[in-house]
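The lines below spell out each chain.
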Amino acid sequence: MNFLEVKNLMISFGNRVVVNNVSFDLAAGARLGVIGESGSGKTIIALALIGLLPDAATVTGSVRLAGEELLNLSDQQMSAYRGKQLAMVFQEPLTALNPLMRVGKQIAQPLLNHDQVSRKACVARAIELCAAVGLPDPEHIVRAYPHQLSGGQRQRIGLAIAIACSPKLLIVDEPTTALDVTVQKEVLQTINDLVKQQGSSLIFISHDLPVVSNMAEDIAVLRNGELIEHANITALFNNPQHEYSKKLVDLARATEKEFSYFTKSSTL
């Protein structure tokens, strides 16, 4: 049995189908890259996995995590899974973070929810997590508000929140949006290192194939809400089966020099 099993997932808003009959599996400790253009359904699928779809969404199919069905659980029931079993790093950390709460308290919240540790221990752990995600002067950072941090620092705070309880599945959605190339490299390497250390499964979402190919072993290609190809990264690059996948591969090869800092030895 795979750790995550998604079967015949359908998501619609009224008469508009945004995810159409998507199925995929993920073994414990495995890494899946999900790629596609804007509107292809990448983020919507991630929100379905973590139980954060808007109320207007209609969802059918099955999402099983370690054999347990997650679809149609109440928000209260899903809260037992979020943070502990699965967690998500969102695309835009400034909107994902509470602007009125110091980031240290936000990092500590999953610990308070799941591990029932003291507030003093939570503060110490928040500082440790800030250091673990590569933030400088973590004792100072935990006292800051989100608007006082840079985009790269906020993204690292989002990662610290997500890994606080060592989730078995980490979902990362477009983590390098609006970051410069140097910061992109640092953030992605931090994600890679932490996933290795915790032994987590990873779903890495992006529109950028060169980046995805160095963060995941298998690639799921989405277009217009449908899964059009699912293959090992080597097979996808050598012999893409769908015309859209071929275009992505050709574009990745054309821009390969821009991502020369990524190597298989430094990531997977």
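Residues numbered from 1 in each chain as written. Predicted model: local features only at pLDDT ≥ 70, side-chain atom pairs only at ≥ 80, totals over all residues. Heavy atoms only, no water.

Caption draft 1: The overall build of the protein, seen in detail. The helix and strand tally for the protein stands at 11 helices and 10 strands. In terms of overall size, the protein behaves like a compact globule, its C-alpha atoms giving a radius of gyration of 18 Å where 268 residues would be expected to give roughly 18 Å. Projected onto its principal axes, the C-alpha coordinates of the protein cover approximately 55 × 45 × 35 Å. In the protein, which comprises 268 residues, the proportion classed as buried is 49%. In the structure as shown, the protein presents an accessible area of about 12700 Å², 50% of it carried by carbon and sulfur atoms. (Helix = DSSP H or I, 4+ residues; strand = E, 2+ residues; numbered from the N terminus. Rg over C-alpha atoms; globule rule 2.2 N^0.38 Å. Buried < 20%, exposed > 50% of the residue type's maximum accessible area, 1.4 Å probe, protein only. Areas by Shrake-Rupley, 256 points an atom, 1.4 Å probe, with all protein chains shown as cover.)

Caption draft 2: Inspection of the nonpolar core at higher detail. Judged by nonpolar contacts, the single largest core of 49 residues is most densely connected at I157, L159, L170, I191, F204, L209 and L236. Setting aside residues up to four positions removed in sequence, L209 forms contacts with I35, I233, L236, F237, L248, V249 and A252. Counting 36 residues, the second-largest nonpolar core is a separate cluster that includes V22, L169, I171 and A220. (Core = buried A, V, L, I, M, F, W, Y, C linked by side-chain atoms within 4.5 Å. Contact = heavy atoms within 4.5 Å.)

Caption draft 3: Region of the structure containing the sheet that holds strand β9 (residues 218–223). Ordered in space as β6-β7-β8-β3-β9-β10, the six strands form an open sheet in which the pairing is mixed. Looking at the sheet topology across the chains shown, the edges are occupied by β6 (86–89) and β10 (226–232). Across the sheet, the mean angle separating the axes of adjacent strands is 15 degrees when strand polarity is ignored. Lying on the sheet, helix α1 (residues 42–50) is in contact with β3 (31–35), β6, β7 (169–173), β8 (201–206) and β9; it crosses β6 at an angle near 145 degrees. With respect to the sheet, helix α11 (residues 243–254) is in contact with β3, β9 and β10, its orientation differing from that of β9 by roughly 115 degrees. (Pairing = 2+ DSSP bridges. Axes fitted to C-alpha atoms, helices over the stretch in contact; angles between N-to-C directions.)

Caption draft 4: Layout of the sheet that holds strand β2 (residues 16–26). Pairing is antiparallel in the open sheet, where four strands are placed in the order β2-β1-β4-β5. Of all strands in the sheet, those bounded by a partner on one side alone are β2 and β5 (68–69). Across two bridges, the pairing between strand β4 (residues 57–65) and β5 is antiparallel. The partner of R64 across the bridge, within β5, is E69. On top of the sheet, α1 reaches β1 (4–13), β2 and β4; it is set at about 115 degrees to β1, its chief contact.

Caption draft 5: Layout of the environment of E92. Looking at the secondary structure, you find E92 in the loop between β6 and α3 (93–96). On the basis of relative accessible area, E92 is assigned to the partly exposed category, the value being 34%. On a C-alpha basis, the gap between E92 and F24 in space is 26 Å, while along the polypeptide they are 68 residues apart.

Caption draft 6: Just the packing of helix α4 (residues 103–114) against helix α7 (residues 151–163), in detail. Direction vectors running N to C along α4 and α7 enclose 25 degrees, while the axes themselves pass 7 Å from each other. When the axes of α4 and α7 are compared, the pair comes out roughly parallel. Note on element contacts: α7 touches α4 through I157, A160 and I161, opposite V103, Q106, I107 and P110. The residue makeup of the contact of α4 with α7, split by class, is six nonpolar, one polar and no charged. (Parallel < 35°, antiparallel > 145°, perpendicular 65-115°, else oblique. Nonpolar A, V, L, I, M, F, W, Y, C, P; charged D, E, K, R; others polar.)

Caption draft 7: Summary view of helix α8 (residues 181–198). Its 18 residues give α8 an end-to-end C-alpha distance of 26 Å, which sits within 8% of 26 Å, the value for a rise of 1.5 Å per residue. Q184, V187, L188, T190, I191, N192, L194 and V195 are the residues of α8 that are buried. In the core, the buried residues of α8 are packed alongside β3, α5 (119–132), α7, β7, β8 and α9 (209–213). Two or three places before T182, at the start of α8, stands the capping residue D180, its side-chain oxygen 3.2 Å from that residue's backbone nitrogen. Looking one or two places after α8, you find G199, whose phi comes out positive at around 70 degrees. (Expected span 1.5 Å × (residues − 1). Polar contact = N/O pair within 3.5 Å; in protein donor to acceptor, adjacent residues only side chain to side chain.)

Caption draft 8: Quick look at α7. With 13 residues, α7 should cover 18 Å at 1.5 Å per step; its first-to-last C-alpha distance of 19 Å lies within 8% of that length. Burial within α7 is extensive, with 10 of its 13 residues counted as buried. Of all the positions in α7, only G152, R154, Q155, R156, I157, G158, L159, A160, A162 and I163 are classed as buried.

Caption draft 9: Representation of the pairing of β3 within the structure. For β3, the tally of buried residues reaches five of five residues, placing the bulk of the element in the interior. On β3, burial covers both faces: R31, G33 and I35 on one face and L32 and V34 on the other are all buried. The pairing of β3 with β8 spans five bridges and is classified as parallel. The partner of G33 across the bridge, within β8, is F204. When β3 meets β9, the two strands line up parallel, connected through four bridges. Within the sheet, the bridge partner assigned to I35 lies in β9 and is V221.

Just geometry here; none of it tells us what the structure is for.
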